[in-house]
There are 2 protein chains.
Amino acid sequence: MSLTFWVGLLAATLTTASFFPQAWKTWRSQRADDFSWSYLLLFGMGILMWDLYGLLRRDAAILLANTITLALVGVIILTKLRTLSR
Amino acid sequence: MSLTFWVGLLAATLTTASFFPQAWKTWRSQRADDFSWSYLLLFGMGILMWDLYGLLRRDAAILLANTITLALVGVIILTKLRTLSR
């Protein structure tokens, strides 16, 4: 495996893993006021497109990383929805 | 250009573009309390790795998209730093 492959793997791992502490903080605090709806929706749609890209390329790594990210972004979206009336 | 290429381009455009409204909201409100430091730092490092990946692959699209994203995430990090003492 080349250096490029490992840099890509590290990049994907870091960007996906970053959403674990964020989803945890958001869920625990039940606060997502500082998140922009536009960010959450555009980013969510983008991650869905990355999933489709992974499917089309039959690339399991892209598909897996983006499915995990989508689930974690979903936690933030759900929290913001639940606290809409506050 | 194949369907796969256009899906990838749409995915990259959406995930990068999503940070414009977020950086704008964060800068205008001067509030980034709901963002986790772990998220911002891991995500920032991940985007830096995607930049390096783009350099190694000599892929201008990856390099451009991630440099823009990094600058916008930088706005959120800067805002969170500025409001640390609040």
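Residues numbered from 1 in each chain as written. Chains lettered and ligands numbered in written order. Predicted model: local features only at pLDDT ≥ 70, side-chain atom pairs only at ≥ 80, totals over all residues. Heavy atoms only, no water.

### Considering the nonpolar core
Now for step 1: Judged by nonpolar contacts, the single largest core of 23 residues is most densely connected at Phe19, Tyr39 and Phe43 of chain A together with Phe19, Tyr39 and Phe43 of chain B.
Now for step 2: Of all the secondary-structure elements, those providing two or more residues to this core are α2 (19-29), α3 (37-56) and α4 (60-82) of chain A together with α2 (19-29), α3 (37-56) and α4 (60-82) of chain B.
Now for step 3: For Phe19 of chain A, the contacting residues outside a window of four places in its chain are Tyr39, Phe43, Thr69, Leu72, Val73 and Ile76 of chain A together with Tyr39 and Phe43 of chain B. (Core = buried A, V, L, I, M, F, W, Y, C linked by side-chain atoms within 4.5 Å. Buried < 20%, exposed > 50% of the residue type's maximum accessible area, 1.4 Å probe, protein only. Helix = DSSP H or I, 4+ residues; strand = E, 2+ residues; numbered from the N terminus. Contact = heavy atoms within 4.5 Å.)

### With respect to the relation of the copies chain B and chain A
Now for step 1: Under the fitted operation, chain B is carried onto chain A by 0.0 Å of movement along the axis and a turn of 180°, and the coordinates agree to an RMSD of 0.0 Å. The superposition of one copy onto the other is thereby described by a two-fold rotation axis. In terms of proximity to the rotation axis, the leading residue of chain B is Asp34 of chain B, whose C-alpha is 2.8 Å off the axis.
Now for step 2: Interface overlap between copies is the fraction of interface residues in one copy that are interface residues in the other; for chain B against chain A it reaches 100%, indicating a shared surface. (Least-squares fit on C-alpha atoms with pLDDT ≥ 70 in both.)

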